[in-house]
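Survey of secondary and tertiary structure
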Amino acid sequence: MKITPEQEKSIITKILTKLNVPTEHAEIVADVTLDADLKGFSSHGIGRFPQYIKGLKSGTIKTKGDIEIENETVSTALINGNHLFGHYVSYKSMQLAMEKARETGIGMVGIHDSNHFGVAGYYSDMALMEDLVGLVIANTEPAVAPIGGKIPILGTNPIAIGIPSNKNYVSVDMATSASARGKLMEAVRRGEKIPENVALDCEGNPTIDPQEALKGSILPFGAHKGYALAFMIEILAGPLVKAAFGTGVTGTANPEEMCTKGDLMIAIDPSKLSDLNIFKDQVDEFIDQVKSTDNIFIPGDMEVMNVNNHQLNGIDIDDKLYQQFIDISHELKMDLEDLFKE
Ligand SMILES: NC(=O)c1ccc[n+]([C@@H]2O[C@H](COP(=O)([O-])OP(=O)(O)OC[C@H]3O[C@@H](n4cnc5c(N)ncnc54)[C@H](O)[C@@H]3O)[C@@H](O)[C@H]2O)c1
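Read on for a plain summary of the structure.

Cut-offs and rules
- Residues numbered from 1 in each chain as written.
- Predicted model: local features only at pLDDT ≥ 70, side-chain atom pairs only at ≥ 80, totals over all residues.
- Heavy atoms only, no water.
- Helix = DSSP H or I, 4+ residues; strand = E, 2+ residues; numbered from the N terminus.
- Expected span 1.5 Å × (residues − 1).
- Buried < 20%, exposed > 50% of the residue type's maximum accessible area, 1.4 Å probe, protein only.
- Arc of directions from axis to C-beta.
- Contact = heavy atoms within 4.5 Å.
- Near = heavy atom within 4 Å.
- Polar contact = N/O pair within 3.5 Å; in protein donor to acceptor, adjacent residues only side chain to side chain.
- Areas by Shrake-Rupley, 256 points an atom, 1.4 Å probe, with all protein chains shown as cover.
- Nonpolar A, V, L, I, M, F, W, Y, C, P; charged D, E, K, R; others polar.
- Core = buried A, V, L, I, M, F, W, Y, C linked by side-chain atoms within 4.5 Å.
- Pairing = 2+ DSSP bridges.
- Right-handed = clockwise from strand over helix to strand, strands pointing away.
- Axes fitted to C-alpha atoms, helices over the stretch in contact; angles between N-to-C directions.
- Patch = residues over 30% accessible without salt bridge, like charges linked within 9 Å, V, L, I, M, F, W, Y side chains within 5 Å.
- Salt bridge = Lys/Arg side-chain N within 4 Å of Asp/Glu carboxyl O.

Okay, helix H8 (residues 223-236) next. Relative to the 20 Å expected for 14 residues at 1.5 Å per residue, H8 spans 21 Å between its end C-alpha atoms, a close match to the ideal helical length. Along H8, the positions that sit buried rather than exposed are Gly226, Ala230, Ile233 and Glu234. The arc enclosing the buried residues of H8, seen along the axis, measures out at 105°, which places them on a common side. Set apart from the buried face of H8 by more than 90 degrees, the exposed residues are His224 and Lys225. Close packing links the buried residues of H8 with strand E5 (133-138) and strand E6 (159-163).

What follows is the structure, given as structure tokens:
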């Protein structure tokens, strides 16, 4: 089955408001989730949504209260997310980082006690769309073993960087693991295998079975370099922002545990270092150099192609996911079937 972007937003917002999530929070969750699906990151799109319902039901995602600024300078802030929706906390935090960047050239906002935020690139896009450079990192509950080990200690620790330009969408948004954990969870739901060279079972042997991989570990991307980058993110999005690190991180994959991970949102105003238009032109000039032959993509091209495709052809909902939504709607005494079919 396929649904339109409007249907996806409406389904998510209706369910969340029924569960007493404030409208502003619900709309941000819906927007970030739709962004993931449009860009082709279905592992973090509507397929992830049933996890959030579990989080709301078990009280790990709160619907009351607001974020608190615990520490603040002209260019930095530390946010306590008070276990609200991670999407809302991250949105507000990036807004604050952007305000600071416009004033001082750079804004850096750390977050602790938040929740899973969906796709990192949504928040770097917020900066990019306002002519700022955006950089987002986060740690997650353990999934990746250090090189040479078989026990997961590091998270899948995503990184997203968005850069403004005059003609192109320039964005990298990726896990530092060979695959996002969400892709393994999605493969389990769909009954699919995962590619080779992505994960190990709990004995440390290569596996293409996503269930075995979830019990074992995911490999870092790019061998020792991915491990080294994930290692650094674990600290910059952990102890630096008063969040947990390594085996102490919980609640990003298991929604029934309180989330202890951290995030770091950075915005940079290029106009404080250079002429903004010259900078943006040079970004495009560099892309022209890179794309000097056919079939070369830049970071961000895949997302643009996917957005065009999904806007035109709709977003896939597999049978198991549809059934999960039907179960949720019955439990909440809502009639969502029509909303899926409209
Ligand atoms: N919330 C969390 O805790 C969490 C954790 C991990 C990952 N994630 C999210 O999962 C999503 C998927 O991550 P992933 O690692 O599976 O992504 P991926 O492996 O699909 O990589 C995506 C990135 O690679 C770029 N890319 C792809 N092909 C390219 C090419 N040929 N040339 C140049 N660039 C190319 C894309 O433009 C994109 O920026 C991301 O949105 C990430 O934020 C979230």
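We now examine the site of the ligand. Close to the ligand lie 23 residues, the nearest being Gly118, Asp173, Ala175, Lys183 and Glu303. A distance of 3.3 Å separates a nitrogen atom of the ligand from a polar side-chain atom of His44. Notes on the ligand: free accessible area 870 Å², of which the protein chains cover 79%. Within the residue set of the shell around the ligand, elements represented by two or more residues are strand E7 (170-174) and helix H10 (301-313). Tallying contributions element by element places E7 first for the shell around the ligand, with four residues. Grouping the constituent residues of the shell around the ligand by class yields 13 nonpolar, seven polar and three charged.

This brings us to the nonpolar core. With 59 residues, the main nonpolar core has Ile15, Leu16, Phe49, Phe85, Met94 and Tyr123 as its most contacted residues. Among the elements that take part in this core, helix H2 (residues 23-39) stands out by supplying eight residues, more than any other. In contact with Tyr123, not counting residues within four places along its chain, are Val32, Gly86, His87, Ser90, Tyr91, Met94, Phe117, Val136 and Met265. Membership of the second largest hydrophobic core comes to 11 residues, among which are Ala143, Ala187, Ala199 and Ile218.

Glancing now at the sheet that holds strand E10 (residues 217-218). With antiparallel pairing, three strands are arranged side by side in an open sheet as E9-E8-E10. Because the sheet does not close on itself, it has two edges, and the strands there are strand E9 (206-207) and E10.

Burial within strand E3 (residues 76-80) is extensive, with four of its five residues counted as buried. Bridge analysis of strand E2 (residues 68-72) against E3 gives four bridges, and the strand direction is antiparallel. The residue bridging Glu72 from the neighbouring strand is Ala77, located in E3. Counting the residues in the hairpin turn of E2 and E3 gives three residues. Across five bridges, the pairing between E3 and strand E4 (residues 106-112) is parallel. Counted as the bridge partner of Ala77 is Val109 from E4. Assessed by its sense of winding, the connection that carries the chain from E3 through helix H4 (residues 86-104) to E4 is right-handed.

Reading across from one edge, E2-E3-E4-E11-E5-E6-E7 is the order of the seven strands in this open sheet, with mixed pairing throughout. The sheet is open, and its two borders are formed by E2 and E7, each paired with just one other strand. Geometrically, the sheet is characterised by an average inter-axis angle of 15° between neighbouring strands, direction not taken into account.

This part takes up a nonpolar patch on the surface. Nonpolar side chains collect at one region of the surface, where Phe231, Met232, Ile235, Leu236 and Leu240 lie side by side and expose about 460 Å² of accessible area between them. Tracing the chain through its elements places Phe231 in helix H8. Phe231 gets classed as partly exposed once you look at its relative accessible area, which sits at 38%.

With that settled, the discussion passes to the pairing of E4. Most of E4 is tucked away: five of the seven residues are buried. Taken together, the seven bridges between E4 and strand E11 (residues 262-268) define a ladder with antiparallel strand orientation. Bridge pairing links His112 to Gly262 in E11.

These values are about where atoms sit, not about what they do.
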